[in-house]
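# Examining the three-dimensional arrangement
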There are 2 protein chains.
Amino acid sequence: MDSKNRHELNPRVSADCVIFGFDLNQIKVLLIEREAINGVEQSMALPGDLIFEGENLDTAASRVLYELTGLDEIYLEQVGAFGDPNRLNNPKDQLWLKAVRQNPTERVITIGFFSLVNMNNYEPQPSSFAKSAAWIPLEDIDELAFDHMEILKASFAKLQHKIRIQPIGFNLLPHKFTLSQLHKLYEVILGRELDKRNFRRKMLKLNLVQSLEERQAGVPHKPSQYFVFNEEKYNELILHGFDNFGF
Amino acid sequence: MDSKNRHELNPRVSADCVIFGFDLNQIKVLLIEREAINGVEQSMALPGDLIFEGENLDTAASRVLYELTGLDEIYLEQVGAFGDPNRLNNPKDQLWLKAVRQNPTERVITIGFFSLVNMNNYEPQPSSFAKSAAWIPLEDIDELAFDHMEILKASFAKLQHKIRIQPIGFNLLPHKFTLSQLHKLYEVILGRELDKRNFRRKMLKLNLVQSLEERQAGVPHKPSQYFVFNEEKYNELILHGFDNFGF
């Protein structure tokens, strides 16, 4: 963003983005680092910034994500608004806001967005006030700037909820994956062990995955078969609903 | 709200409330009427207003709802933020904003909230700028002020989604209800016919309703048995999840 445009920013409303990835072993989150202010290191943060006056919320979220991390054409879903009146009042956060904002003490309500991506396709390219941007393991994140921990937790709760009623997890996987990788993904998102045989049976029964002839190569164990997500079947299931009551 | 406090309002952020009720026949929505401005009648609107500077979003929504309709101690769930830059630009809406707001052309982002209530317990008591407040049948609502149709639609979509995975519909019913009334509720929310026998069987199988000895009195047909919602069973089911995949 050109800094000359910053006076066109809405000083009261921002957008923050939670981008989840999966490295076939753990869930990761795209975070940015900022420059230290007066020698005080800043906590890592979600990619986020004020919206422009004439900008839709969705557009703002996409723009901010692109400006800070280079990620483009990502489908972002709104998680909700976060408006604790004290959300910017941490002294370390105030130090940073005083360096970058015209009205650093002004209350800002932020709109949180989240997305699930195949992280192999997205090498972060930091710019604007992001000194760096990197995929950080979710379980290593215990402090973030502002109220970003709250936004992250709400987004992860949404992911946990959604994966139980919709097969959204496939967005986190490479195009070709093994059932073991899919199983691992569900285990790390739900935070508990799932019986491997039951899992496999259920997934195959839903017809949501389609087997390929191809098998893994160069692995130190018996090579597993590759699968792809069956989008056609998915769209069919959506029409009929994934609901539990079965109406 | 004392008008002397209006300068403490956040000019950029508001809260709007969608309150659903069910009269055992159709879904209704709590709407307010406002005074005509210069002879121009205003469309009906969701109860909503600007938030105060030091106020949490949830608190603001509850306060605004109470001030305009008298409804108190209602659990409000956030639907999301609505921020189309043109959401206040309709000439009729501008006429009203010019009469009540200091900066009528200022862009306002609104946070939508929704709730399901047993409407028998809530007789609206309009005050502040609400000339009247009334339960209006959802299917009769085709025009509202600002972007309130969009907020209403998003809230109803959320209700339709949630009722398929959680038994939230019970919040809309009186304490005692018949299975026919419950069946009707699901039909009007989902917008299609549901086989009565199947529905009854599923509901009883889930153990979510508990039969009473009592039957209807003074009805022109064979009196039906009354049921109550089984909250204990519900909490048990929540722990184990209503998920379709069954993990």
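Our structure is the block above this text.
Residues numbered from 1 in each chain as written. Chains lettered and ligands numbered in written order. Predicted model: local features only at pLDDT ≥ 70, side-chain atom pairs only at ≥ 80, totals over all residues. Heavy atoms only, no water.

## Structural notes on the overall build of chain A
Note the following rule: Working definition: helices are DSSP H or I runs of at least four residues, strands are E runs of at least two. Numbering for both runs from the N terminus. Using a 1.4 Å probe on the protein chains alone, a residue whose accessible area is under 20% of its type maximum counts as buried, one over 50% counts as exposed, and one in between counts as partly exposed. Any two residues whose heavy atoms approach within 4.5 Å are treated as being in contact. Exposure was quantified through the Shrake-Rupley algorithm and a 1.4 Å probe, taking into account, for residues, occlusion by the shown protein chains and nothing else. Neither His nor the chain termini are counted; the positive set is Lys and Arg, and the negative set is Asp and Glu. Where a charge sits is defined by one atom per residue type, namely NZ (Lys), CZ (Arg), CG (Asp) or CD (Glu).
Helix and strand content of chain A: six helices and eight strands. Going from N to C terminus, chain A has its helices and strands arranged as β-β-β-α-β-α-β-β-α-α-α-β-β-α. Seen along its three principal axes, the alpha-carbon backbone of chain A occupies a region of about 60 × 45 × 30 Å. Looking at chain A residue by residue over its 247 residues, the buried ones come to 54%. Of the contacts made within chain A by residues no fewer than 6 positions apart, 71% connect residues no fewer than 24 positions apart. Summing over all exposed atoms, chain A offers an accessible surface of approximately 12,000 Å²; the carbon and sulfur share of this is 45%. Looking at charge distribution, chain A has the averaged site of its 28 positive side-chain charges lying 7 Å from that of its 34 negative ones.

## Quick notes on the pattern of salt bridges
Worth spelling out the cut-off: A pair is scored as a salt bridge if a Lys or Arg side-chain nitrogen falls within 4 Å of a carboxyl oxygen belonging to Asp or Glu.
Taken as a whole and judged by the stated rule, the model has 24 salt bridges over all chains. Among the charged side chains, a salt-bridge network with shared partners connects R12 and E106 of chain A together with E53 of chain B.

## Re the pairing of strand β5 (residues 109-116) of chain B
Residue and element names in this part refer to chain B. Applicable threshold: Here, strands pair whenever DSSP counts at least two bridges between them.
Where burial is concerned, most of β5 is hidden: eight out of the eight residues are buried. On β5, burial covers both faces: I109, I111, F113 and S115 on one face and T110, G112, F114 and L116 on the other are all buried. Examined bridge by bridge, strand β1 (residues 9-22) and β5 share eight bridges and lie parallel to one another. Pairing of F20 across the sheet is with L116, part of β5. Where strand β4 (residues 77-82) lies against β5, five bridges are found, and the strand directions are antiparallel. Residue E77 lies in a different strand from β5, and its bridge partner there is F114.

## What about the nonpolar core?
Stated formally: Nonpolar cores are built from buried Ala, Val, Leu, Ile, Met, Phe, Trp, Tyr and Cys residues. Side-chain atoms within 4.5 Å join them into one set.
Counting 40 residues, the largest nonpolar core has I19 of chain A together with I19 of chain B as the members making the most contacts within it. When residues of this core are traced back to their parent elements, those giving at least two are β1 (9-22), α1 (57-69) and β5 (109-116) of chain A together with β1, α1 (57-69) and β5 of chain B. Discounting chain neighbours no more than four positions away, the residues touching I19 of chain A are K28, V29, L30, L65, L71, L76, S115, V117 and W135 of chain A.

## Some thoughts on the interface of chain B and chain A
Note the cut-off: Joining two parts hides part of their accessible area as seen by a 1.4 Å probe, and the buried area is that hidden amount summed over both. We call two N or O atoms a polar contact when they sit within 3.5 Å, provided that within protein one can donate a hydrogen and the other can accept it, with sequence-adjacent residues counted only if both atoms are side-chain atoms. Under the scheme applied, nonpolar residues are Ala, Val, Leu, Ile, Met, Phe, Trp, Tyr, Cys and Pro; charged residues are Asp, Glu, Lys and Arg; polar residues are all the others, including Gly.
Counting residues at the interface gives 44 residues for chain B and 44 residues for chain A. In total, chain B and chain A occlude about 3,400 Å² of area from one another, counting both sides; carbon and sulfur atoms represent 60% of this. Between the two partners, chain B and chain A, sit two salt bridges. Residues E53 of chain B and R12 of chain A are paired through a salt bridge, measuring 2.8 Å at the closest nitrogen-oxygen approach. The interface formed by chain B and chain A contains twelve residue pairs in polar contact (both at pLDDT 80 or more). Only β1, β3 (48-52), β4, β5, α3 (148-165), α4 (179-190) and α5 (196-205) of chain B provide two or more residues apiece to the side of chain B that touches chain A. A class-by-class count of the residues in the side of chain B that touches chain A yields 23 nonpolar, twelve polar and nine charged.

## What about α4 of chain B?
Residues and elements named next belong to chain B. Stated formally: To estimate how far a helix should reach, multiply one less than its number of residues by 1.5 Å.
The terminal C-alpha atoms of α4 lie 16 Å apart, and with twelve residues this matches the ideal 16 Å at 1.5 Å per residue to within 8%. Within α4, nine of the twelve residues are buried, which leaves the element mostly enclosed by the surrounding structure. Restricting attention to buried positions, one finds in α4 the residues L179, Q181, L182, H183, L185, Y186, E187, I189 and L190. Turning to α4, the residues buried within the fold contact β1, β2 (27-33), α3, α5, β7 (209-215) and β8 (225-229).

## What about a positive patch on the surface?
The following threshold applies: Every patch collects residues that have over 30% relative accessible area and no salt bridge, joining them within 9 Å if they carry like charges and within 5 Å if they are nonpolar side chains (Val, Leu, Ile, Met, Phe, Trp, Tyr).
Together, K196, R200, R215 and K222 of chain A make up a region of like positive charge exposed at the surface. For K222 of chain A, the position within the fold is in the loop between β7 (209-215) and β8 (225-229).

## Focus: the relation of the copies chain B and chain A
So the rule is basically this: C-alpha atoms of residues with pLDDT of at least 70 in both copies form the basis for the least-squares superposition of the copies.
For the match of chain B to chain A, the screw axis carries a shift of 0.0 Å, the RMSD comes to 0.0 Å, and the turn is 180 degrees. Taken together, the turn and the small shift mark the pair as related by a two-fold rotation axis. The overlap is high: 100% of the interface residues of chain B also sit at the interface in chain A, so the same surface is used on both sides.

## A short note on α5 of chain B
The backbone nitrogen of R197 of chain B has a side-chain oxygen 3.2 Å away, supplied by the residue at the start of α5 of chain B, namely D195 of chain B. Remark: N207 of chain B follows α5 of chain B within two positions and exhibits a positive phi of approximately 65 degrees.

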